[in-house]
Amino acid sequence: QVQLQESGPGLVEPSQTLSLTCTVSGDSVSTGAYYWSWIRQHPGKGLEWIGHISYSGSPYHNPSLASRLTMSVDTSKNQFSLKLRSVTAADTAVYYCAGGSDTSKIDFWGQGTLVTVSS
Amino acid sequence: DVVLTQSPLSLPVTLGQPASISCRSSQSLVYGAGDASLSWFQQRPGQSPRRLIYKASNRDSGVPDRFSGSGSGTDFTLKISRVEAEDVGVYYCMQGTHWPPVTFGQGTRLEIK
């Protein structure tokens with residue numbers, strides 16, 4: 001059973017870069033069987049897909065965030081990561097990492113981590 | 001992008017009674033041999049979402065059989081045959097047919113009357 005765990009700062013100052021890592025256990029991040037995604041949830045709101053990356057394919061970013069986003073995979077640490085530049089208060093949210101097969105795209109989720117953008 | 005519209009957005013239900021949530025897509029979600037990449041997720045208070053149903057009608061391992069999914073094309077339904085207290089939370093449908101991006105419905109909040 002694949003498990004995911006997000007990690008990163010809970011507080012980021014405005015205009016800085018939000019950096020999160022998702023550690024994969026129970027399988028290899030380079031297996032090629034899964035797409036690795038980031039999803040966020042603003043306080044009390046619904047789910048917003050940020051983007052995905054796979055070991056063998058190109059990343060895809062939500063167009064509304066693409067100019068500020070970088071996603072990558074670190075096979076040596078069995079992790080994938082997210083960097084969101086020039087953050088504002090509107091980026092305050094719970095950030096989830098998730099994985100999914102080609103069939104359904106999102107099969108399982110991490111527990112989520114709250115990131116607050118504030119000075 | 002595909003728009004998913006859920007109804008109702010709020011669903012008060014008496015314990016032991018059935019519940020039903022609709023998810024309508026702005027485009028047909030059928031692909032390949034007739035499957036639809038339509039999933040249902042449950043998000044209990046303070047928890048991350050958990051998938052209940054995939055490919056419209058396939059129940060995930062460990063999901064109680066009181067949960068069922070149905071539908072095809074643009075209309076899909078999640079049904080709970082007898083609501084229990086642990087079913088309280090928000091339910092989301094999600095499509096992966098026309099991706100990227102995946103898109104989610106707005107969510108339906110189920111509460112106990």
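Residues numbered from 1 in each chain as written. Chains lettered and ligands numbered in written order. Predicted model: local features only at pLDDT ≥ 70, side-chain atom pairs only at ≥ 80, totals over all residues. Heavy atoms only, no water.

If you tally the helices and strands in chain B, you get zero helices and 13 strands. When the helices and strands of chain B are placed in sequence order, the string is β-β-β-β-β-β-β-β-β-β-β-β-β. Radius of gyration (C-alpha) of chain B: 13 Å, near the 13 Å computed for a compact globule of 113 residues. C-alpha extents for chain B along the principal axes are approximately 40 × 25 × 20 Å. The burial tally for chain B puts 49% of its 113 residues in the buried class. For chain B, restricting intrachain contacts to residue pairs at least 6 apart in sequence, the fraction spanning at least 24 positions comes to 54%. As displayed, chain B has an accessible area near 5100 Å², and 45% of this comes from carbon and sulfur atoms. Both charge centroids of chain B, one from 11 positive and one from 9 negative side chains, sit 2 Å from each other. (Helix = DSSP H or I, 4+ residues; strand = E, 2+ residues; numbered from the N terminus. Rg over C-alpha atoms; globule rule 2.2 N^0.38 Å. Buried < 20%, exposed > 50% of the residue type's maximum accessible area, 1.4 Å probe, protein only. Contact = heavy atoms within 4.5 Å. Areas by Shrake-Rupley, 256 points an atom, 1.4 Å probe, with all protein chains shown as cover. Lys, Arg positive; Asp, Glu negative; His and termini not counted. Charge placed at Lys NZ, Arg CZ, Asp CG, Glu CD.)

Turning our attention to the pairing of strand 8 (residues 79-84) of chain A. Residues and elements named next belong to chain A. For strand 8, the tally of buried residues reaches five of six residues, placing the bulk of the element in the interior. Taken together, the six bridges between strand 3 (residues 18-25) and strand 8 define a ladder with antiparallel strand orientation. Counted as the bridge partner of S19 is K83 from strand 8. Alignment of strand 7 (residues 69-74) against strand 8, held across six bridges, turns out to be antiparallel. Across the sheet, the residue bridging to S72 is S81, located in strand 8. In this antiparallel pair of consecutive strands, strand 7 and strand 8, the connection spans four residues, and N78 shows a positive phi of 55°. (Pairing = 2+ DSSP bridges.)

Bringing the sheet that holds strand 9 (residues 67-72) of chain B into the picture now. All names here are of chain B. What the four strands build is an open sheet, ordered 1-3-10-9; its pairing is antiparallel. Two strands close off the open sheet at either side, each with one partner strand: strand 1 (4-7) and strand 9. When strand polarity is set aside, the average angle formed by the axes of neighbouring strands in this sheet is 15°. Where strand 9 and strand 10 (residues 75-80) come together, six bridges link them in antiparallel fashion. Residue pairing in the sheet places S68 in a bridge with K79 of strand 10. (Axes fitted to C-alpha atoms, helices over the stretch in contact; angles between N-to-C directions.)

Turning next to the environment of I53(A). Residues and elements named next belong to chain A. Relative to the helices and strands, I53 is located in strand 5 (residues 47-53). Relative accessible area serves as the criterion here: at 7%, I53 is assigned to the buried category. Placed 48 residues apart in sequence, I53 and S101 show a C-alpha to C-alpha distance of 12 Å. Once residues within four sequence positions are removed from consideration, I53 is found in contact with Y35, W36, P59, M71, S72 and V73.

Residues and elements named next belong to chain B. Applying the stated criterion across every chain yields a total of two disulfides over all chains. For C23, the disulfide goes to C93, at an S-S distance of 2.1 Å. Taking the torsion about the S-S bond as the criterion, the C23 to C93 disulfide, at about 75°, is right-handed. Of the two residues, C23 is situated in strand 3 (residues 19-25) and C93 in strand 11 (residues 89-95); the sequence distance between them amounts to 70 residues. Judged by relative accessible area, which is 0%, C93 ranks as buried. (Disulfide = S-S within 2.5 Å.)

Below, the discussion takes up unusual backbone geometry. Note that the residue after S7(B), namely P8(B), is joined by a cis bond; omega there is -5°. If you trace the backbone, P8(B) turns up in the loop between strand 1 and strand 2 (10-13). Going from W99(B) to P100(B), the amide bond is cis rather than trans, its omega being -5°. Take P100(B): it is sitting in the loop between strand 11 and strand 12 (103-104). Backbone geometry at N78(A) places phi at a positive 55°, although glycine is not the residue there.

Once that is clear, we can look at the interface of chain B and chain A. In this assembly, 19 residues from chain B lie in contact with 18 residues from chain A. Here chain B meets chain A over a buried area of about 1600 Å², counting both sides, of which 66% is carbon and sulfur. When residues of chain B are sorted by the area they lose upon contact with chain A, R51(B), W99(B) and F104(B) head the list and together hold 33% of the total. Taken together, the links from chain B to chain A amount to one salt bridge. Its salt-bridge partner being D107(A), residue R51(B) comes within 2.9 Å of it at the nearest N-O pair. For the pair chain B and chain A, the number of links is eight residue pairs in polar contact (both at pLDDT 80 or more). Elements with a contribution of two residues or more to the side of chain B that touches chain A: strand 6 (38-43), strand 7 (50-54) and strand 11 of chain B. Per-element tally for the side of chain B that touches chain A: the top contributor is strand 6 of chain B, with three residues. (Buried area = accessible area lost by both parts, 1.4 Å probe. Salt bridge = Lys/Arg side-chain N within 4 Å of Asp/Glu carboxyl O. Polar contact = N/O pair within 3.5 Å; in protein donor to acceptor, adjacent residues only side chain to side chain.)

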